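# Structural overview
Residues per chain, in single letters:
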There are 4 protein chains.
Amino acid sequence: MPKRKDKLTSDIGWSTPDQITVRGLDLPSEILGEMNLGDLAFLLTAHRKPSPEESKVFNAIVITLVEHGITPSAMVARLTYMGAPESLQAAVAAGLNGLGTVFVGSMEGAARLLYEALPAERLGTGADLEAIAKEVVADHAARGQILPGLGHPLHKPVDPRTPRLFEIAAQNGLSGEYVALMQCLQREAEAARGKALPINATGAIGAICCEFGFPWQIVRGFGVMARSIGLVGHILEERSDPIAFELWQRTEEEILRNSGPQSR
Amino acid sequence: MPKRKDKLTSDIGWSTPDQITVRGLDLPSEILGEMNLGDLAFLLTAHRKPSPEESKVFNAIVITLVEHGITPSAMVARLTYMGAPESLQAAVAAGLNGLGTVFVGSMEGAARLLYEALPAERLGTGADLEAIAKEVVADHAARGQILPGLGHPLHKPVDPRTPRLFEIAAQNGLSGEYVALMQCLQREAEAARGKALPINATGAIGAICCEFGFPWQIVRGFGVMARSIGLVGHILEERSDPIAFELWQRTEEEILRNSGPQSR
Amino acid sequence: MPKRKDKLTSDIGWSTPDQITVRGLDLPSEILGEMNLGDLAFLLTAHRKPSPEESKVFNAIVITLVEHGITPSAMVARLTYMGAPESLQAAVAAGLNGLGTVFVGSMEGAARLLYEALPAERLGTGADLEAIAKEVVADHAARGQILPGLGHPLHKPVDPRTPRLFEIAAQNGLSGEYVALMQCLQREAEAARGKALPINATGAIGAICCEFGFPWQIVRGFGVMARSIGLVGHILEERSDPIAFELWQRTEEEILRNSGPQSR
Amino acid sequence: MPKRKDKLTSDIGWSTPDQITVRGLDLPSEILGEMNLGDLAFLLTAHRKPSPEESKVFNAIVITLVEHGITPSAMVARLTYMGAPESLQAAVAAGLNGLGTVFVGSMEGAARLLYEALPAERLGTGADLEAIAKEVVADHAARGQILPGLGHPLHKPVDPRTPRLFEIAAQNGLSGEYVALMQCLQREAEAARGKALPINATGAIGAICCEFGFPWQIVRGFGVMARSIGLVGHILEERSDPIAFELWQRTEEEILRNSGPQSR
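Now for a description of the structure that goes with this document. (Residues numbered from 1 in each chain as written. Chains lettered and ligands numbered in written order. Predicted model: local features only at pLDDT ≥ 70, side-chain atom pairs only at ≥ 80, totals over all residues. Heavy atoms only, no water.)

### Examining the interface of chain D and chain C
Contacts between the two partners involve 90 residues from chain D and, on the opposite side, 90 residues from chain C. Taken over both partners, the interface formed by chain D and chain C buries close to 7700 Å², and the fraction arising from carbon and sulfur atoms is 67%. Here chain D and chain C share 10 salt bridges between them. With a shortest N-O distance of 3.8 Å, Glu 237 of chain C and Arg 23 of chain D are connected by a salt bridge. Counting every contact that joins chain D to chain C gives 35 residue pairs in polar contact (both at pLDDT 80 or more). For the side of chain D that touches chain C, the element with the highest residue contribution is helix α11 (residues 219-240) of chain D, accounting for 13 residues. (Contact = heavy atoms within 4.5 Å. Buried area = accessible area lost by both parts, 1.4 Å probe. Salt bridge = Lys/Arg side-chain N within 4 Å of Asp/Glu carboxyl O. Polar contact = N/O pair within 3.5 Å; in protein donor to acceptor, adjacent residues only side chain to side chain. Helix = DSSP H or I, 4+ residues; strand = E, 2+ residues; numbered from the N terminus.)

Okay, structure coming up:
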C-alpha cells in the first residue's frame, strides 16, 4: 500500500479561465496545429515534445499496434456493442480488457529481456552483443522458455512490419544496440532451433521502445491507446455491417447441438 | 435484432504471410512512416486517407479531447490501477466506461443539432443561418432545454480552445456553414439569455465534425480514442506519484465521521 | 450536474475496530448465518430484510437472470479471459458491459410500462385491468411498438420460467394487480396480433418487481448482479474446456476467406 | 495458446422450447423456489447442489465479500455512474476492474498457501500442523514476505467476521485441518512478530474455501460475484444521495491549488 500524503498533486496539466496547459505546453498555441496525435501521446508518456525524428518513429510503432484484424478484442467490442449500442465507450472498454499477458505480454517481454540483457548503463561501452545473445538463447532453452518477440504463426519467414519499422528507426537515428541485440537474438535462436524465427512486430517495437529508453512497464500502455483507435473502427463497421449477431447465433446453435439433450 | 447472414465479412483489412492491408493501404509501405496516428484514426473512421489539410484539422480536434485534467475518468483509472496494477488495460477500460451522455453528450448533441438545423442537402443553397439560429434558440428556450456546445463553468468569457480550433479549420478550408451556424447560435443565445455563452471545445469540435461530414453518432468514438491516450498518461503518473490511496483514505474517513456510529 | 455538498455521507454501512454494520444490521451476528446471498441483495436494494416469503420470491427472480447459456456476454467474458487470464475480474467486467438496452431493456421496459399503465396510487382501487390492457395494446400497435416482456424466439407457446415464477409469487403473497395486468396484456396482445405471445421471463420478472414496489430503474441492477455470477461460471468452464480460441480462429479464417485478397 | 478443436461444447446448460437446464437441473422445477442465490453460485462453481450445511457456510463466505464500505471499487462505480447514468452495467463493470492482486490477492494467497503447505492428499494422515506452521512462518520471514490472510489495519485485535465464519463452518462440519492450520499460522506469526496478527476475513474465507476443496484460482471469482451485488447497492445510493460530483470537484480544486500556475 502506498503512504498517506498531505497534498494531491499532478504535473500533467492545469486549466484557468483563459489558459490550458498540458505538460508545460500551452494547448491552444503550442500543441493544437503544431503536433499530431502520436506526438501528444509521446508528450504524455515521455514528458517532452518529440523531435521530428522521434515523432516519425513513435508514430510508426503506435500505428503498428492499432489494427490487427478480427482479434478477440475486436470480437468482444462488437459483441458488446450489439447488446449496448447506446454505450459505444463500454464496447471499446470491454475490448481493451482482454489486452493482458497473452496478447501484450510478448511486447513487454521483449523490452524487458533486452533491458535485462543489456542494462542502459552498458550502452556505448562496446558490449559483445553476439555473446550476450548466445547466453540469453541458451538460458531460455535451458529453462524451456520461448523468446518473446520471435516467431509468428502467419508471417513467415519475415514479418513484413519488422524490416520497415527497423528502416524507419535507422533513418531517424533510433537504431542502436537494442535493435542490433534483437537481431543477434534472432540469428542465435534460429541457429539453435534450426528454423525460421522472424522478429515479429512486437519484438521490433519492444526493441525500438528500448532505443527510446521507455521503461518496459509503459509499453503495454502504447498497445492500449493504439487498440482503442482500432476498436472504434470495428464498432463503426459493426454498425453498418454487423457480424456479432451471426457469431452469437452460430455459437449457440452449435453448442446446443453438441451439448444439448439430443447429444446424449 | 439484426438478421442472420451467410458470410462473415470485414472491409477493415487482412493479412497474408507477406502482406498486411488496412482499409486498402499496404501497412508497411503506405502507412508506416507515411501517416501519423491521427491520420490512421481518420483512415479507420472516414475510410480514406486525409488530405494534408484534413490531417491538420482532424489531429487538432482529437488532440483537444485527450487530456482534461483530473476528470472523473482519470480518477477512476487511477483508483482501478491501485487495486490491479498488473492490469493497466483494465484501468484504462474502467476510465472509458464513464464517457457517457453526461461527458460526451454535448459534443454529440452539438453535431446532431447542427445537422438537424441544416441538413447536408441544404449546404451551398444560401440558407439563412441567422434565421435558423433564431428558430433553434427560441425552440430550445420554449422547451426549457440548454443548447449543447455553449457555455463553460470555467472558461469564460472565451474557451481558449475554440478560437484556435476555428482558426485551424479556417486555414485548412474546413470552416463553412456549420461553423458559421454555431457562431450564429452563440450570438442568438447570448442575446436571448443576456449572458456570455462561449462556444466551448465540444461545440467547436461538433461543428468541425459536421464540416468533415462525420455522422454525429461517430463523434463519441473520437472522444473515446482520445481519452484512452490521456488515461495512459494518468496511470503513468499514478505509478510514480500516486494520489488514489490518499483519495480513498480521506473519503473513507470522512464517511465514517459523517455516517458512522459516532455521528448518531 | 449535481450540486456541491458539505459532507460526504453513506447509509450503506460502517466499520469500527470491533463492529461491521450493513444497512443497520450487525454483519457477524445478524447477517452471517442468518441470511442467504439473495437476502443480502434484497437488503442492499430495498434497505430492509426480506420476509421469508419475499426471500423466496426475490431469490427466484434473481436466480432466473443468472445463466442464459452462451449469450454474447458469456462469449465476451470467455474471449477476454483468453487474452488476460491473470485478470478474471476484467473478464467478468467485459461481459457485464454488454447488458444494455438490447438485453435488459425488455425487463426494464415491462416494469416501466406496468407502472405507467397502473400507477401505485391506483392499486386497490378496483382499476379495470382489461380496459387498461386494451388501451396499452392499441396504443403500442398505433405507434408500431412491440410490448416489452411478451414473446420469445425459442420458448413457444410458453416460456417455462413464467408459470413457475408466477406460482412462486402467488404462493408467497406477491401476485397482485401487476401480475394480473401483465396477463391481461398477454391476452389482449395475442387477440390483437393473432399469434402466441408468451409472457417471457423478463416480463414475469418485470411484473413481480412491480409487486415488490421496486423502481423500474433498479431492475437492470438485478440483471447485472445475477449475470456476474453466471459469467464466473463461464470463465471457470473456459479454464477447463476452452472455446474462445476456436471461436476466434474460425472467425478470422472465415473473414480472410470472404474479405481477403483472394475474395476479390 | 490453446489447441484448435472440432466442436464447441458447454456443460453449463441448455434450452429447448419447453425446457431450461442448468448444470443438469431443471431450472423451473428443481432450482426456482428450491435454491437461494448463493446455492446457485455454488452449483455453477462446484457443479453440484450444496448440502444444507454447505449452503449455510457458502452463503456466509460470499456474503462477507459483498459490501466493504467506500472502497476504491465503490468510488469507481459511483464516479463512472455520474458520467454515464444510462449505463448502470458499465459502472458495475468499472468497479469490478480494480479487484486485482492488491484487493483479492490475500484471499487467493491464503488459499494457495494452505494448499501448498498441506496438499489435499495429506489430509487425514495426522500431519503436524504446528510444525508446518512454524516452517511456513520462518520461510516467509526469511524471504521478507508477509503472510496472506493475517493482520488488518482497522480490525484489531480481532476481525469480528473471522470467529463468526469459523463458528458457522464448525457448526456445519466444514472446519477441518485447513482452518486449524490457519489458526496455527496466526499463533506462530504472532509469536515470531511479537504483535497481534488477527486472521482477517480473507484469511478465514481462504481457509474455508480449502475446506470445500475449491481450487485457489476460483476464489477470486467469489469476490467478483459478491462485489457486483455490493456495487449495485452503491450505485443506487449514488442515484439518491450522490457523492461523486463532490469528490471530483474537491480533487480538481486541490490539484489546481497545489500544481496549478499559482503554486509555482
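That shown, we press on.
### Structural notes on the interface of chain A and chain C
Of the residues lining the interface, 30 residues belong to chain A; the matching set on chain C comes to 30 residues. Summed over both partners, the interface of chain A with chain C buries about 2500 Å², with 67% contributed by carbon and sulfur atoms. Contact with chain C buries area across many residues of chain A, yet Ile 70, Asn 97 and Trp 248 of chain A alone supply 19% of it, more than any other trio. In this structure, the connection of chain A to chain C is made through 2 salt bridges. A salt bridge links Glu 254 of chain C to Arg 250 of chain A, with the nearest nitrogen and oxygen atoms 2.6 Å apart. Where chain A packs against chain C, one counts 12 residue pairs in polar contact (both at pLDDT 80 or more). Secondary-structure elements contributing two or more residues to the side of chain A that touches chain C are α4 (72-83), α5 (88-97), α6 (101-117) and α12 (244-259) of chain A. Residue composition of the side of chain A that touches chain C, grouped by class: 17 nonpolar, 8 polar and 5 charged. (Nonpolar A, V, L, I, M, F, W, Y, C, P; charged D, E, K, R; others polar.)

### Looking at the side chain of Thr 64 of chain B
When you line up the elements, Thr 64 of chain B lands in helix α3 (residues 52-64). Look at Thr 64 of chain B and you get buried, because its relative accessible area is 1%. Those residues in contact with Thr 64 of chain B that sit more than four places away from it in its chain are Leu 32 of chain A together with Arg 161, Leu 165, Ala 201 and Ile 205 of chain B. (Buried < 20%, exposed > 50% of the residue type's maximum accessible area, 1.4 Å probe, protein only.)

### Observations regarding the packing of helix α7 (residues 129-142) of chain B against helix α9 (residues 177-193) of chain B
Residues and elements named next belong to chain B. Following both chains from N to C, one finds α7 and α9 inclined at 50°, their axes separated by 8 Å at the closest point. Classified by the angle their axes make, α7 and α9 are oblique. By crossing handedness, the relation of α7 to α9 is classed as right-handed. Here Leu 129, Glu 130, Ile 132, Ala 133, Lys 134, Val 136 and Val 137 of α7 come into contact with α9, specifically with Glu 177, Ala 180, Leu 181, Cys 184, Leu 185, Arg 187, Glu 188, Ala 189 and Ala 192. By residue class, the composition of the contact of α7 with α9 is 11 nonpolar, no polar and 5 charged. (Axes fitted to C-alpha atoms, helices over the stretch in contact; angles between N-to-C directions. Parallel < 35°, antiparallel > 145°, perpendicular 65-115°, else oblique. Left-handed = near helix turned anticlockwise from the far one by under 90°.)

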